[in-house]
Amino acid sequence: MAKFDLNDDSVAVIIGSGAGGGTLANELAQRGIKSVVLEAGKRFGLEDIENDEWAMFQKISWLDKRYSGGGWHGAVNHPTLPTWIVKGYGGSTIHWAGVALRFKDFEFKTRTTYGAIDGANVEDWPIDLEEMIPWYEKAELKMGVTGKTTGMPHLPWNNGFRVLAEGCRRTGRSDYRSGPMAINSVERDGRPACQQIGFCMQGCAIGAKWSTMYTELPRAEETGNCEVRTEAMVLKVEHDDAGKVNAVVYADKDGNQHRQKARIVCVAGNSIESPRLLLNSASSMFPDGLANSSGQVGKNYMNHTTGGVYAVMPEKVHMYRGTSVAGIVGDEVYHDPKRGFSGGYYLEFLSLGLPFMAAFLEPGNTGWGRSVARALEGYDRMSGVWVLGEDLAQERNAITLHPTEKDQYGLPVPIVSKTPHNNDYEMTAHMYETSAEIYEAVGATDVYELPAYPATHNMGTNRMHADPDKGVVNAYGQAHDIANLFVSDGSQFTSSAACNPTLTIVALAIRQAEYIAQEMNARNI
Amino acid sequence: MTIRFHRLSQSREDRAGMSRRMFLMTTTLAGITTGTLLGRASLAQGAGLGEAESARLLRMVQDIYPHPDLLQIAHYQAIVDAVVSNADDDAFAALQDGLARIEAKAQELFGVPYTDIEDPDAREGLLRHFQNEGFFQNVRWTAYFGIYNNKEIWPLFGYEGSSVEYGGYINRGFSDITFVPPGPTLEERLAEVQK
Ligand SMILES: Cc1cc2nc3c(=O)[nH]c(=O)nc-3n(C[C@H](O)[C@H](O)[C@H](O)COP(=O)(O)OP(=O)(O)OC[C@H]3O[C@@H](n4cnc5c(N)ncnc54)[C@H](O)[C@@H]3O)c2cc1C
Ligand code: SF4
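Caption draft 1: Main features of the nonpolar core. Core analysis: the biggest nonpolar cluster contains 204 residues, and Val265(A), Leu485(A), Leu57(B), Met60(B) and Tyr148(B) have the highest contact counts within it. Each of domain 1 (46–152) and domain 2 (168–194) of chain B accounts for three or more of the residues forming this core. Ranked by size, the runner-up nonpolar core spans twelve residues in total, among them Ala40(A), Met233(A), Val416(A) and Ala455(A).

Caption draft 2: Expanded view of the interface of chain A and chain B. The interface is formed by 79 residues belonging to chain A together with 72 residues belonging to chain B. Where chain A abuts chain B, roughly 7,000 Å² becomes buried across the two surfaces, and 59% of that area is made up of carbon and sulfur atoms. Counting the surface chain A buries against chain B, the share from its top three residues, Arg162(A), Asn365(A) and Trp368(A), is 13%. One can count five salt bridges joining chain A with chain B. Taking the shortest distance from any N to any O, the salt bridge between Arg321(A) and Asp176(B) comes out at 3.1 Å. Along the contact surface separating chain A from chain B lie 36 residue pairs in polar contact (both at pLDDT 80 or more). Listing elements by their share of the side of chain A that touches chain B, those giving two or more residues are helix H2 (53–60), helix H3 (74–77), helix H6 (159–170), helix H9 (354–360), helix H10 (370–377), helix H11 (422–441) and strand S16 (446–450) of chain A. No other element matches the seven residues that H10(A) contributes to the side of chain A that touches chain B. Split into classes, the residues belonging to the side of chain A that touches chain B amount to 37 nonpolar, 24 polar and 18 charged.

Caption draft 3: Representation of the packing of aromatic side chains within the structure. Summed over all chains, the structure comprises 31 aromatic pairs over all chains. Ring centres 6.4 Å apart and planes at 70° place the aromatic pair Phe486(A) and Tyr515(A) in the edge-to-face group. Placement of Phe486(A) in strand S17 (residues 485–487) and of Tyr515(A) in helix H12 (residues 502–521) is noted, with a sequence separation of 29 residues between them. In this structure, Phe486(A) and Tyr515(A) share a single accessibility class: buried. Members of the aromatic cluster, joined through ring pairs, are Trp54(A), Phe57(A), Trp84(A), Phe356(A), Phe360(A), Tyr453(A), Tyr65(B), Trp141(B), Tyr144(B), Phe145(B), Tyr148(B) and Phe157(B). The ring of Trp135(A) is capped by Lys138(A), whose NZ or CZ atom sits 5.2 Å from the centre of that ring. Its guanidinium or amino end placed over the ring of Trp141(B), Arg140(B) lies 4.2 Å from that ring's centre, counting from NZ or CZ.

Caption draft 4: Examining the pattern of salt bridges more closely. Residues and elements named next belong to chain A. Overall, the coordinates contain 39 salt bridges over all chains when judged by the stated rule. A salt bridge links Glu 227 to Lys 3; its shortest N-O distance comes to 3.2 Å. Of this pair, Glu 227 sits in strand S5 (residues 226–229) while Lys 3 sits in the segment before strand S1 (12–15); the two residues are 224 residues apart in sequence, bridging distant segments of the chain. On the basis of relative accessible area, Glu 227 is assigned to the buried category, the value being 1%. For Lys 3, a relative accessible area of 70% gives the class exposed. Between Glu 273 and Arg 66 there is a salt bridge whose closest N-O contact spans 2.8 Å. On the criterion of sequence distance, the pair formed by Glu 273 in helix H8 (residues 270–280) and Arg 66 in the loop between H2 and strand S3 (67–69) is long-range, its members being 207 residues apart. The burial state of Glu 273 is the same as that of Arg 66; both residues are buried. Overlapping salt bridges, with partners in common, bring together Glu 27, Arg 31, Lys 142, Glu 216 and Glu 514 in one network.

Caption draft 5: Spotlight on the site of ligand 2. Lining the immediate environment of ligand 2, one finds Ile183(A), Cys194(A), Gln195(A), Gln196(A), Ile197(A), Gly198(A), Cys200(A), Cys204(A), Ile206(A) and Thr323(A). Looking at the shell around ligand 2, its residues break down into six nonpolar, four polar and no charged.

Caption draft 6: The arrangement of the environment of Ala513(A) in detail. All names here are of chain A. With respect to the helices and strands, Ala 513 occurs in helix H12. Residue Ala 513 is classed as buried on the basis of its relative accessible area, which comes to 0%. For the pair Ala 513 and Ser 488, spaced 25 residues apart in sequence, the C-alpha separation works out to 9.5 Å. If near-sequence neighbours (up to four positions away) are discounted, Ala 513 is found in contact with Leu 24, Glu 27, Leu 28 and Arg 31.

Caption draft 7: Representation of the pairing of S5(A). All names here are of chain A. Burial along S5 is two-sided: the residues Cys 226 and Val 228 and Glu 227 and Arg 229 are all buried. When strand S2 (residues 35–38) meets S5, the two strands line up parallel, connected through four bridges. Looking at S5, one finds that Ser 35 is bridged to Cys 226.

Caption draft 8: Representation of the domain arrangement of chain B within the structure. Per the domain assignment, the segments making up chain B are domain 1 (46–152) and domain 2 (168–194). Look at where the C-alpha atoms of domain 1 of chain B and domain 2 of chain B centre, and you get two points 46 Å apart.

Caption draft 9: Structural context of the side chain of His239(A). Residue and element names in this part refer to chain A. Within the fold, His 239 resides in strand S6 (residues 233–239). Among the polar contacts listed, one links the side chain of His 239 to the side chain of Ser 283, at a separation of 2.6 Å. The residues touching His 239, leaving out its near neighbours within four places in the chain, are Lys 244, Val 245, Asn 246, Ser 283, Met 285, Phe 286 and Leu 290.

Caption draft 10: Region of the structure containing helix H5 (residues 73–86) of chain B. Between its first and last C-alpha atoms H5(B) spans 20 Å; for 14 residues at 1.5 Å apiece the expected length is 20 Å, and the two agree. Within the sequence span of H5(B), burial applies to Tyr76(B), Ile79(B), Val80(B), Asp81(B), Ala82(B), Val83(B) and Val84(B).

Caption draft 11: Summary view of the site of ligand 1. All names here are of chain A. The immediate surroundings of ligand 1 are formed by 39 residues, with Gly 20, Glu 39, Ser 92, Asn 270 and Thr 502 found nearest. In this structure, Ala 40 approaches ligand 1 through a main-chain N or O atom, which is 3.0 Å from a nitrogen atom. At a separation of 2.9 Å, a nitrogen atom of ligand 1 approaches a polar backbone atom of Ala 97. Mapped onto the shell around ligand 1, the elements with two or more residues apiece are helix H1 (19–30), S6, H8 and H12. When grouped by side-chain class, the residues that make up the shell around ligand 1 number 18 nonpolar, 17 polar and four charged.

Caption draft 12: Spotlight on the pairing of strand S15 (residues 412–417) of chain A. Residue and element names in this part refer to chain A. For S15, a buried count of six out of six residues is recorded, marking the element as mostly surrounded by other parts of the structure. In this sheet, S15 lies alongside S3 in parallel orientation, the contact comprising three bridges. Of the residues in S15, the one forming a bridge with Ser 68 is Val 416. Here strand S14 (residues 399–406) pairs with S15 via four bridges, running antiparallel. Looking across to S15, one finds that Ile 399 is bridged to Val 416. Counted between consecutive antiparallel strands, the loop separating S14 from S15 contains five residues, among which Gly 410 sits at a positive phi close to 85°.

Cut-off values and rules
Residues numbered from 1 in each chain as written. Chains lettered and ligands numbered in written order. Predicted model: local features only at pLDDT ≥ 70, side-chain atom pairs only at ≥ 80, totals over all residues. Heavy atoms only, no water. Core = buried A, V, L, I, M, F, W, Y, C linked by side-chain atoms within 4.5 Å. Buried < 20%, exposed > 50% of the residue type's maximum accessible area, 1.4 Å probe, protein only. Domains from an automatic or database assignment. Contact = heavy atoms within 4.5 Å. Buried area = accessible area lost by both parts, 1.4 Å probe. Salt bridge = Lys/Arg side-chain N within 4 Å of Asp/Glu carboxyl O. Polar contact = N/O pair within 3.5 Å; in protein donor to acceptor, adjacent residues only side chain to side chain. Helix = DSSP H or I, 4+ residues; strand = E, 2+ residues; numbered from the N terminus. Nonpolar A, V, L, I, M, F, W, Y, C, P; charged D, E, K, R; others polar. Phe/Tyr/Trp six-rings, centres within 6.5 Å; stacked < 30°, edge-to-face > 60°. Lys NZ or Arg CZ within 6 Å of the ring centre and 35° of its normal. Near = heavy atom within 4 Å. Pairing = 2+ DSSP bridges. Expected span 1.5 Å × (residues − 1).

The following block contains the structure:
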């Protein structure tokens, strides 16, 4: 691995090593562009992966102080855990389940499709599906996504998904399959085929699932163009008198501060930390935070309209055996205002282990007693889904800084506020109804509805917009206000779409790398 | 029967209990594990509580997660021991005070000691009065870890836990149920992804 001097001002500094940052680092490295990746978490490897829900949660989660705010149930039930995000080499791609769906056409054009919606801040992306298709294909080849682009078959169906699929068949649905997943169904790209271990969301112990931990990051390091510094928490992005960013200040594991100079800075700390960092980097020239002339930094926080449904079947299912997200139902992903809400939603089969099931079945102080205990006795007969759908951007859903409380680095603690829109309530009711109908068709004896989990999909807090007054970055993730500052993670999203975000994060990072190379060659940055 | 748990509305009591809960959820999520809980417990063996208090606490953990057909008294006793041995002075005082108030409420509502109330729903209803309090949630989360995060208990719920050391479930029943049709064959799955 390369080593760069703190005073080397020719490097790109990338903050965060997850889906966005890890991919960008490798793409730049392969193009011969030098970078320093600063990652707040530790260096993990396959040997650190355990098949144990709480052990892995404890080992790799981002547990720095954070507060939940707004009107969602988590403000009460998960007051210090608004999100479930990883802090480590590989970021949340260690935990992620591997679902790799593309946006639909209309989901890039939500303002045009849905129209103006009261209380929401819905806008169109400055890009469309047609333009994204080649980038999606590159991302699918890179990540090894089952489906037509790679020719890799989707995964075999496990018990839990077979129950869901049969319910879909009996209720006249047609779009249910065991992919696209960024999980090898055959050996590919130096990684083995899935062994149906389960525990995908605790990290894949054999590396069948794509993660930047064992693909992009080591490959970037091998080129000699990329240095990854772990346990390096970036505190502030600095700029020169001309208003161009020129360095970042970070704390190492002993709390010592260092200043790394930079030619460009790419922020990819996930949608809470990225806007927080820009806000914390306020200066006399940029009193509201970097890149924030639109006032949109930290606003429009989206995390999908979600819930869970678990159904108890008449016979054993053992849903935890095999891939955690073993199948996807796409029949409900369309926009029809007659349903009473805008946008669509997916049902994704999701197995939880007994510990997480018992914690999330009824979160909060009331989740005990006879009904909960009885439900858990049906654990081995359960199949279930995670439902996720379009979450409309709203200005009040935001990352803000706590007025007095500081974290271990002396930085204001972030408050993550989320209040559902009426659209969410309508959609969630529909999701629960659909899921129950499907499971009842296969003979479910009980159906349990779970409220949203701490958010795993976080988007929108530095959004793209063609108009610099309405968004933070342009179509390449480049800050409207500062040409050599980029946003390279899911905080760029203008809308959430119904699907999981990571394929789109990776596609955008590949596209951004090409743009950065071109702009550097042209000496524009 | 279809049971549905709906979105919880935020009561006044919930808000009041919040700061305490923040602390509790943090300790919970920051990972008190059963290993450490039960490990320390075995040293202390429930020392500190009187006989009647111990009996009340034992009844309480059984009422919090009642699995009379699945678990033995010994499983619950281990949780009682863990609650006691984990408690610092403040937590221990809060526990004793809480148990006393549960007892008083039982007398007030039913005119009998808590442990003598026969109807399990009545006992649960009684405990619901205390569910937003710190001592209660402390007992509750200790019981949670002692039961649902306890590898020795998992098989009783039909959960098999870690599988990587056995080569996953690929040859161990990941797709073995017979009450619904099998999934598509490899040939069918391959055909589906041809361009
Ligand atoms: C359990 C789980 C399941 C998921 N399943 C799916 C799925 O099936 N499909 C899907 O599409 N998505 C899934 N996701 C979401 C997916 O993981 C994220 O969308 C994706 O990883 C986000 O990429 P990112 O680059 O924005 O951030 P991350 O991958 O979270 O990486 C951010 C990194 O930045 C670091 N960082 C933050 N701030 C700083 C700082 N100031 N200085 C230095 N480093 C910093 C963090 O430590 C972290 O490592 C899942 C997530 C979880 C948690
Ligand atoms: S089921 Fe497959 S992808 Fe998931 S952890 Fe196991 S081997 Fe990895």
